[in-house]
Amino acid sequence: MSNATKRKNRAGRRSPLATVALLAIGLLSTGGAYALISGGTAEAQSDINSQQMIDEGEKLFSANCASCHGLNLEGSESGPSLIGVGAASVDFQVGTGRMPLAQQGPQGEEKPEQFTDEQTKALAAYVASLGPGPGLPDPRYLDGEGDAANGSELFRINCAMCHNVAGAGGALTEGKYAPAIDATPAHIYEAMVIGPQNMPVFNDANLSPEDKRDIITYLEFNRESPSPGGYVLGSLGPVAEGLFAWFFGLGAIVAIAVWLTAKSN
Amino acid sequence: MADDHGARDVVSAGQSARSVAVPVSASQETSVSPGLGVIAPDRFENPGIPPHQPRVTDLDPKKEKRAERTVYTLFYLSLAGSVFAIAAYFGFPIEENNIASTRMNNLMIGIGISLALLAIGIAAVHWGKALMPEEEMIDHRHPVIGSPATRARAVEIFDQANKESGLGRRSLLRNSLIGALVAFPLPAIVLFRDLYPGNQEDPVSALSHTMWKEGVRLTRDPSGTPIRASEVTLGSAFHVIPEGLDESEHYLEEKAKAAVLLMRLRPDELNEIEERKSWSYDGIVAYSKICTHVGCPVALYEQITHHLLCPCHQSQFDVTNHCEVIFGPAARPLPQLPIAVDDEGYLIAQSDFTEPVGPSFWERASVNDN
């Protein structure tokens, strides 16, 4: 007791920990305030109905998209009309790099995105302002906290025939293909709502927002859980596995047969 | 050769020139005439067994020692593999709620066991090839038939057995034994009779009809909730089962026949057959999901090209043209389900499919009205 008192006195009025505590408080409050402010600005930015966003989007659209889709979204021979496609469609197509197209082909392919997230949102705001359409998804359906079992059943019934049961994608007709699903939850949700390119539409009457949340949950669960059966070979199923067995399994059998019958030198 | 020439010479000398073409001598009735063919003398002789070449392990004692070392090292390796497999069973256990542990467990035990077996096999073969004697020799076949003494002894044994058992003498014993043996498989026949579908529904009728009938609502798979026509927006694809499928006795069999894909196209894109104009509703069409080739579910729908692709054998169907086959092995278009809308706005079936769904079967032609 007396020792503790002595030490306190020696340090004077301030505790030796005071500096550290003060620094911590200062850093925390600055960081917290910044987080609050930046969070606030993020919200302000995602308010895609603001006039500023729409104007910004119009400029970007005229410079990058209008040559195919028309100055007033009316479309042309090179691209469809965008009236009424909604913000979700723009966010999906531009956000996954499918638009602007690299070239005309069987389908628009995923590639590194050409616009920042903010620019994408601005484009979406502009397109949405000229005709009502599906909006950006509500974040509470994107949290991946739904029912993975229900999502799995819905995925197998509605999606797996094209996208493969593990979401690894698959071939369609005439050079088209269903891509592997490695997109963000928002893009997965948007794809279901809008039915991009040749994918059918799964509107909220077909798969409710909760169903979509369950499907996203299943996909995330599937992506994160390791395969119990060993190396997945791209999850492509019998084609990849059969090819592996054909080359390595039969190859090994042929090699052993050759060795068995060869004369010892 | 000499005999051949001799025979021909004899024949040509004794008969007219014409008969030379068919020289059948009495002593050589089975031989075939060479006709005008030139018979080359058989120049090839049995080369016999090639000279024996000693192996390096026969000549060099060092090499022999090395081969021996390889073999016993492999045996020890196999031993280590077995021990490792046991250790792996305990070292990499399957944990509950951890799928990845199954993988590790199987992998490690598998490596151990395959090492144990493979090393024994390789070592045994190497032993045989490199160290055991390898002189070439001929093992002559012996005739299959036994010597007269052996055969006589065999008959004797049968006779003795017959006498001792009384099989030939005590006919009641023999006949009751035959009766028992004949009756023994009968229970199996009665039991396996259940596998025969004949005493159930007639398969032709079962294949020709599905759960769909007039007024049955189209419902979502798997929830079974009915679908309003207004909910099927342009470009949508709904996976459909008939209402009440959940309560049906043979759920899977019924679903396998009744599964339907519902799509909405722009009405002007549909090129409908005259008598099927009333089968769709405002661009909404319903087609059987069961491929007419071998019955895979056809559900890969492309909403812009309106192609339906079967993933099994790449048959393609054009939804705009009443699902006619545009590619692949399928022989017939997918059957269309006639649909309508009831008072509450829900989609209902007008009737069953008008033809059997799915792949062909022998009696299909007789039940197909189209």
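Residues numbered from 1 in each chain as written. Chains lettered and ligands numbered in written order. Predicted model: local features only at pLDDT ≥ 70, side-chain atom pairs only at ≥ 80, totals over all residues. Heavy atoms only, no water.

Trainee: So what's going on with the environment of S152 of chain A? Which residues, and what values?
Mentor: In this structure, S152 of chain A sits in helix α7 (residues 148-158). Here the alpha-carbon distance between S152 of chain A and T217 of chain A, two residues 65 residues apart in the chain, equals 8.7 Å. (Helix = DSSP H or I, 4+ residues; strand = E, 2+ residues; numbered from the N terminus.)

Trainee: Hey, could you go over empty space enclosed by the protein for me, with residue numbers and the actual values?
Mentor: Under the definition given, this model contains one cavity of 30 Å³ or more. For the largest cavity, the calculated volume is near 50 Å³. A class-by-class count of the residues in the lining of the largest cavity yields five nonpolar, four polar and two charged. (1 Å grid on protein atoms, 1.4 Å probe; cavity = no way out; pocket = protein on both sides within 12 Å on 5 of 7 lines; lining within 4 Å. Points joined across faces, edges and corners; volume = space filled by probe spheres on them. Nonpolar A, V, L, I, M, F, W, Y, C, P; charged D, E, K, R; others polar.)

Trainee: Now, about the domain arrangement of chain A: what can you tell me, with residues and values included?
Mentor: Residue and element names in this part refer to chain A. We note that the domain assignment places domain 1 (48-135) and domain 2 (137-230) within chain A. Here the C-alpha centre of domain 2 lies 23 Å away from the C-alpha centre of domain 1. Each partner contributes to the interface: domain 1 provides 16 residues, whereas domain 2 provides 14 residues. Of the roughly 1200 Å² buried between domain 1 and domain 2 on both sides combined, carbon and sulfur atoms contribute 53%. A per-residue breakdown of the area domain 1 buries against domain 2 is headed by F92, P106 and Q107, which together make up 40% of the total. (Domains from an automatic or database assignment. Contact = heavy atoms within 4.5 Å. Buried area = accessible area lost by both parts, 1.4 Å probe.)

Trainee: Outline the domain arrangement of chain B, listing residues and values.
Mentor: Domain annotation of chain B identifies domain 1 (1-48), domain 2 (57-130) and domain 3 (206-367). If you average the C-alpha positions of domain 2 of chain B and of domain 3 of chain B, the two centres end up 56 Å apart.

Trainee: Give a description of the interface of chain B and chain A that names residues and reports values.
Mentor: Listed by partner, the interface residues are 34 residues for chain B and 33 residues for chain A. Carbon and sulfur atoms supply 58% of the area buried between chain B and chain A, which totals about 2900 Å² over both sides. In terms of surface lost to chain A, no three residues of chain B exceed R103, K129 and E302 of chain B, which account for 20% of the buried area on that side. At the surface where chain B touches chain A, the tally comes to two salt bridges. K263 of chain A is the partner of E134 of chain B in a salt bridge, and the nearest nitrogen-oxygen pair spans 3.7 Å. Among the elements that take part in the side of chain B that touches chain A, helix α4 (residues 99-130) of chain B stands out by supplying nine residues, more than any other. (Salt bridge = Lys/Arg side-chain N within 4 Å of Asp/Glu carboxyl O.)

Trainee: Let's hear about the packing of aromatic side chains: which residues, and what values?
Mentor: Under the definition given, this model contains seven aromatic pairs over all chains. Plain terms: the ring middles of F244 of chain A and F248 of chain A are 4.7 Å apart, the flat faces sit at 25 degrees to each other, and that makes the pair stacked. Linking F244 of chain A with F248 of chain A, this pair stays in helix α11 (residues 238-261), spanning four residues, or about one helical turn. Take F248 of chain A: its relative accessible area is 56%, and that puts it in the exposed class. Pairing Y89 of chain B with F90 of chain B gives two aromatic rings, centres 5.1 Å apart and planes at 85 degrees, and the pair type is edge-to-face. Sitting above the plane of the Y189 of chain A ring, K212 of chain A keeps its charged end 5.8 Å from the centroid. (Phe/Tyr/Trp six-rings, centres within 6.5 Å; stacked < 30°, edge-to-face > 60°. Buried < 20%, exposed > 50% of the residue type's maximum accessible area, 1.4 Å probe, protein only. Lys NZ or Arg CZ within 6 Å of the ring centre and 35° of its normal.)

Trainee: Any details on the sheet that holds strand β6 (residues 307-309) of chain B? Residues and values, ideally.
Mentor: Residue and element names in this part refer to chain B. As summarised here, the arrangement of the four strands in space is β5-β6-β7-β8, forming an open sheet in which the pairing is antiparallel. Of all the strands in the sheet, the pair left with one neighbour each is β5 (300-301) and β8 (324-327). The pairing of β5 with β6 spans two bridges and is antiparallel. From the neighbouring strand, L300 faces β6, where its bridge partner is L309. (Pairing = 2+ DSSP bridges.)

Trainee: An account of the layout of surface pockets is needed here, citing residue identities and associated values.
Mentor: Residue and element names in this part refer to chain A. Reported here for the second largest pocket is a volume of approximately 470 Å³. Elements supplying a minimum of two residues to the lining of the second largest pocket: α8 (160-163), β1 (170-171) and α11. With three residues, α8 is the largest single contributor of residues to the lining of the second largest pocket. Counted by class, the lining of the second largest pocket contains 13 nonpolar, six polar and no charged residues.

Trainee: Can you lay out a nonpolar patch on the surface for me, pointing to particular residues and giving the numbers?
Mentor: Together, L243, F244, W246, F247, F248, L250 and I253 of chain A make up a nonpolar patch on the protein surface, roughly 810 Å² of accessible area in all. Mapping I253 of chain A onto the fold places it in helix α11. (Patch = residues over 30% accessible without salt bridge, like charges linked within 9 Å, V, L, I, M, F, W, Y side chains within 5 Å. Areas by Shrake-Rupley, 256 points an atom, 1.4 Å probe, with all protein chains shown as cover.)

Trainee: So what about the side chain of K212 of chain A? Which residues, and what values?
Mentor: Among the structural elements, K212 of chain A can be located in helix α10 (residues 209-224). Leave out the neighbours within four places in its chain, and K212 of chain A touches Y189, M192, V193, F202, N203, D204 and L207 of chain A.

Trainee: Requested: an account of the pattern of salt bridges, with residues and values cited.
Mentor: Residues and elements named next belong to chain B. On inspection of all chains with the given rule, the structure shows 21 salt bridges over all chains. Two residues, K255 and D221, come together in a salt bridge whose shortest N-O distance is 3.1 Å. In this pair, K255 sits in helix α9 (residues 251-258) while D221 sits in the loop between β1 (218-220) and β2 (237-242), placing the two residues 34 residues apart along the sequence. Looking at D221, the relative accessible area reads 7%, which means it is buried. Where K277 meets E274, a salt bridge forms, and the shortest distance between an N and an O atom there is 3.6 Å.

Trainee: Give a description of the pairing of β8 of chain B that names residues and reports values.
Mentor: Residue and element names in this part refer to chain B. Pairing of strand β7 (residues 316-318) with β8, which is carried by three bridges, proceeds in the antiparallel orientation. Across the sheet, Q316 pairs through a bridge with F327, a residue of β8. In sequence, β7 turns back onto β8 through a hairpin of five residues, with H322 there showing a positive phi of about 40 degrees.

Trainee: Describe the state of the cysteines, listing the residues and the values that go with them.
Mentor: Chemically, a disulfide is nothing more than a covalent bond linking the sulfur atoms of two cysteines. Applying the stated criterion across every chain, the model contains one disulfide over all chains. For C296 of chain B, the disulfide goes to C312 of chain B, at an S-S distance of 2.1 Å. Of note, the bridge from C296 of chain B to C312 of chain B carries an S-S torsion of about -100 degrees and is left-handed in sense. Pair noted here: C296 of chain B is in the loop between β4 (284-288) and β5 and C312 of chain B is in the loop between β6 and β7, with a separation of 16 residues, a long-range link. Judged by its relative accessible area of 36%, C312 of chain B falls in the partly exposed class. Between C65 of chain A, a cysteine without a disulfide, and C68 of chain A, which holds the nearest cysteine sulfur, the sulfur-to-sulfur distance is 8.9 Å. Accessibility expressed as a relative area gives 14% for C65 of chain A, which makes it buried. Cysteine C310 of chain B is unpaired, with the sulfur of C291 of chain B as its nearest cysteine sulfur at 3.9 Å. (Disulfide = S-S within 2.5 Å.)

Trainee: Quick rundown of the nonpolar core? Include the residues and the values.
Mentor: Within soluble globular proteins, side chains that are nonpolar generally end up buried alongside one another. Formed by 23 residues in total, the largest nonpolar core has its most connected members in F155, I188, M192, I215 and L219 of chain A. Secondary structure elements with two or more residues in this core: α5 (86-95), α7, α9 (185-194) and α10 of chain A. Of the residues forming this core, the biggest block, six residues, is contributed by α9 of chain A. For L219 of chain A, the residues in contact, after removing those within four places along its chain, are F155, I181 and I188 of chain A. Formed by 22 residues, the second largest nonpolar core is a distinct cluster that contains I227, F238, F353 and V357 of chain B. (Core = buried A, V, L, I, M, F, W, Y, C linked by side-chain atoms within 4.5 Å.)

Trainee: Account for the confidence of the model for chain B, naming residues and giving values.
Mentor: Residues and elements named next belong to chain B. A residue-level look at chain B finds 89% of positions with pLDDT of 70 or above and a mean pLDDT of 86. The model gives residues 1-28 a pLDDT under 50, and that stretch makes eleven contacts with residues more than four places away or in other chains. Across the interface, the model reports ipTM at 0.75; the global pTM reads 0.72. (pLDDT = per-residue confidence, 0-100.)

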